[in-house]
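Chains, contacts and geometry: an overview
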Amino acid sequence: MLAYIVRRLLYTPLIVFGVLLITFALFNLVQGDVAASIAGKNATPQVIAEIQAEYGWDKPLFINLPDVPEHGVLAVFDSQFFNHLWNSVTFDFGRSIQSKQAVSGLLARGAIPSLSLTVPMFFASLLASVSIGLFVAFYRGRWIDTTTVTVCVLGMSLPSLAVIIFGQYFFAYQLGWFPIQGYEPGVNAARYLVLPVLLGVLMGLGSSVRFYRTIMLDEIRADYIRTAYAKGLATPKVLFKHLLKNAMIPIITSTVLAIPFLFLGSLLLERFFGIPGLGYLMIEAIGGRDFPVINAMTFIIAILFVLGNLLTDVCYALVDPRVSLS
Amino acid sequence: MTHPPRIGRHGRSFPGPRGFAGPLGSAPRLTTLCAALVVGFTLLPGCGGGGERQADVEAGLKVRYQALGAKVRGMDPMDVGDVLGAGITSNIYEPLYQYHYLKRPYEIVPCLAAAMPEVSDDGLTVTIKVRDDVVFQDDECFPGGKGRPVVAEDFIYSWKRLADIKNVSKNWWVLDGRIAGLNAFREYTQGVERKQDVDYDRAVSGLEAVDDHTLRITLTKPWPQIRYYLAYLPTSVVPREAVERYGDEFLNHPVGTGPYVLDEWQRGSRIVLTRNPTFRDERYPSEGEPGDEEAGLLEDAGKQLPFIDKQVFTIIEEDQPAWLKLMNGDVDVGGIPKDNYGGSITPQRELTDELKAKGLELYIYDRPVTFWYGFNMEAPELRDNLPLRRALNLALNRVEYLDLFLNGRGIPAPKIVPPPPLFEAYDEPIDSPYTSFDLDRAKQYVEEAKQAAGGELPELVLSLGGTDTTQRQVGEYLTRLYKTELGLDFRVDFMDWPTLQEKTKTKQVQMFGMGWEADIPDPENFFALFYGPNKSPGNNNMNYQDDAFDALYERLKVMEPGPERTALARQMEQIIVDDLPCVFIAHTTSFRLQYKWCENYKPNVYGYGLMKYQDLDAEMRREMLGR
């Protein structure tokens, strides 16, 4: 297994290089006039050109041949892409073009509020949906199963925005059970996070319950379940020891692969509840053509995704003896 | 000792399929847990919820709570480029001049200056006396943590920072080409390899500290608007010690001279400003305009500023939570979201009884803003077809447009400069026969336009920045208007804002939606948008060129306010409305709600750092809110 892990890790630089190349190419393909927006509303063309030079946007995109005669062969790498590549791999994300804040600081400050929201939401949602999925699968075809599926479909039909707007209005404003909006660092954050977490769980429950119900239904009809009952095992043992373990592969796939995206936060919930996370940072960065922020976010997500994939494979081997990593 | 009933103790298992016991032997325990969680969650908000508020009340502090509609990116005056950021930062940093809080038309008065500037007869030398009682706020960048007095040299340093290309300031345009030697200093900084190697002791010929409290500025050409720009936040004074100590993080460590200091800044969430204990002796104005006394705006005349001890800003980017927090009394001041307008404002533009009963008051005021659909005047199909431009202007029902998309929060714009009293010494009866709605005339002009084009008219494409629902609705409306009603080959191209900016700067648009908010109460600010040498990528995005207009602009730009200048401005406006390089749409109006315990508020659309004048009756708030 170790050899497999090492081999997979060796692929990582290639994947990350590809991601950086694509991000850079896309950004340069659709890039708006960032220098003009930095220069302010009354800027002259000369000022815009000065800013382009200051940020190195006047350099060649990939290969800097013009500077080779004067500065030597290494100057060929003094291009926008190679500078971007070097800065990324050394984790020097620089400063946001729009706000001039250090990108690492923006990410560090946003990550905790985002994760404070998404991690409990994720685990609560997982726990609830797997439990409900198992429960209704066990009672498949009964009224409780039909009702649950119907409610799930209805829940999936409700736009997230409507759930948030209603939840905030009713539970926070009308009933006064929760703060309407806000965030404080530390343990005080909990009081602001309860309602968005509950709403987040509620919004995701419909589709995930249906997903896990389907998985459980596949397993509950399997021969080994019948065999287990035939051997006289108690229902809890059959379900929690045998069925759940066999259902782990799809659960792990959907769970571990979702973990990197927890880092991105939740756009709508963060906006409506004033949680200063990363959910909106990326959107703002794209809107403002703030490449250092976009690059840092993409780079980190790419690395997390690669690691998440690797972790998924390792988990397969751990929970399923039929899977071997070689 | 009694025990609470144990929830689920008598719960029974669900009968399972095939007759065996269900799996939920633990269901009652789960139910108990859920119930406990719900109770816990319900109680949690009550724990410490109003703790800070209560502590402030007990300490006898006057605290005002406000919502901010966007995150504040940084607090370096050199880089503040948005209204909200400036609204906060200007309470910490101050420039030499400021707008009189009460007088209208807007009037400039000294702030850190001791008197109004003395301008030489040729208009090229400006001498300014700096107050001798101003100190920087206490900060650890100073020896012993005590702020030192502000001297003339500090302004020279601050303006060199604006010029330094290594700082890539958004606001260099304010001083660009104005002060002798400052552009040369900028060129010098371009040649310096590293930011920290820029020599700020290098002399700039046009900036001289005659003594600690006298500043002499030599201009490259007369600049009558200088007094406005010396009241503009980016020209505020910053201490060199703080910039050098905090480096790139200076934007997060503001050290100014203003009435408030930054006490707490939870990025993206909350900002708290508290009273600056070393703020100079500055008093509330003793005179205003007619009506101010009756409105109670002079009751605090002559009193030391500021009145409020603590300003708490919560960043709320969505309309619904901002509105709910205002209705709840969690914030004292707010706007009216589009979706709440109908339920809040009567057709007579008054507050509904329900909101009045809550203790809210409504302020309506015009902003120096104009929106338009610009024509790229280098596109021959538009430049050479005046009847077409007239038709496009005549066909737009501006009143209907305002009602549909702005809740009527604005006034139709028949021309570029918003009406008085937003602009000093400028009153403008302009003959504008093509900018009021007349569909029949518009259709006649379409026929003329076809003749002018020699037959069929080419396709017209309007580029709009924004892909949200409102922009889409605007697009539908204009398509109906121009395509269905006028029979033009018209379509709308939606794109995000940076793309639209890029396309206008590179002249790749034919028609485009845009607007402008004036920085200063001088119509020159709007006329610059039509000045030939400012064509794209400058701010003349319409690429309008008219020699007569340009000649008038060059005269007006260096002329002091007065009847002659006003007459020039009228001529220039007339040229614009005759030539119609755009479809003028609207000037916007702001609606502000605040509880009646907020005092001394008067709308001021140009000034910053105005919180020092405002007060509140904390006792009234406690009585009305019960907390």
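In this text, all values refer to a predicted model and were calculated from it rather than measured experimentally.

Attention now goes to the overall build of chain B. From N to C terminus, chain B includes 20 helices and 20 strands. Once the C-alpha set of chain B is aligned to its principal axes, its extents read approximately 95 × 70 × 60 Å. A total of 627 residues make up chain B; the buried ones form 56% of that total. Sequence-distant contacts, at least 24 apart, represent 70% of the contacts inside chain B between residues at least 6 apart.

Right, let's get into the sheet that holds strand β7 (residues 214-218) of chain B. Strand pairing in a sheet takes place through backbone hydrogen bonds and is either antiparallel or parallel in direction. Residue and element names in this part refer to chain B. The sheet built from four strands is open, its strands ordered β4-β5-β7-β6 with antiparallel pairing. The open sheet is flanked by β4 (118-119) and β6 (207-211), the only strands paired with a single partner. With two bridges joining them, β4 and strand β5 (residues 125-129) adopt antiparallel strand pairing. In the strand pairing of β5, Val119 is matched with Val126. In the packing of helix α4 (residues 152-163) onto the sheet, contacts are made with β6 and β7, and the angle to β6 comes to roughly 170 degrees.

Attention now goes to unusual backbone geometry. Residues apart from glycine generally show negative phi values, whereas peptide bonds are mostly found in trans. Put simply, Arg104 of chain B and Pro105 of chain B share a cis peptide bond, and its omega is 0 degrees. Checked against the element boundaries, Pro105 of chain B lands in the loop between β2 (97-99) and β3 (108-110). A cis geometry characterises the amide bond from Leu305 of chain B onward to Pro306 of chain B, with omega recorded as -10 degrees. Mapped onto the secondary structure, Pro306 of chain B falls in the loop between β9 (270-275) and β10 (310-315). Unlike most non-glycine residues, Phe91 of chain A shows phi in positive territory, near 55 degrees. With respect to the element layout, Phe91 of chain A can be found in the loop between α5 (80-89) and α6 (103-138). Of note, Lys507 of chain B is a non-glycine position whose phi angle comes to about 60 degrees, a positive value.

Next up on the list: the packing of helix α9 (residues 189-220) of chain A against helix α12 (residues 248-262) of chain A. All names here are of chain A. Across the interface, α9 lies against α12 with an axial gap of 10 Å and an inter-helix angle of 155 degrees. It follows that α9 is roughly antiparallel to α12 by the angle criterion. Side by side, α9 and α12 meet where Phe211, Tyr212, Ile215 and Met216 of the first sit next to Pro250, Ile251, Ser254 and Thr255 of the second. Here the residues of the contact of α9 with α12 are counted per class, giving six nonpolar, two polar and no charged.

Another point: the confidence of the model for chain B. Residues and elements named next belong to chain B. Considering every residue of chain B, the mean pLDDT works out to 88; 91% of them sit at 70 or more. In the model of chain B, helix α1 (residues 27-43) stands out as the element of lowest mean pLDDT, 45, in contrast to β7, which has the highest, 98. Confidence drops under a pLDDT of 50 for residues 1-49, and excluding neighbours within four residues, the segment shows 52 contacts in the predicted structure.

The rules behind these values
Residues numbered from 1 in each chain as written. Chains lettered and ligands numbered in written order. Predicted model: local features only at pLDDT ≥ 70, side-chain atom pairs only at ≥ 80, totals over all residues. Heavy atoms only, no water. Helix = DSSP H or I, 4+ residues; strand = E, 2+ residues; numbered from the N terminus. Buried < 20%, exposed > 50% of the residue type's maximum accessible area, 1.4 Å probe, protein only. Contact = heavy atoms within 4.5 Å. Pairing = 2+ DSSP bridges. Axes fitted to C-alpha atoms, helices over the stretch in contact; angles between N-to-C directions. Parallel < 35°, antiparallel > 145°, perpendicular 65-115°, else oblique. Nonpolar A, V, L, I, M, F, W, Y, C, P; charged D, E, K, R; others polar. pLDDT = per-residue confidence, 0-100.

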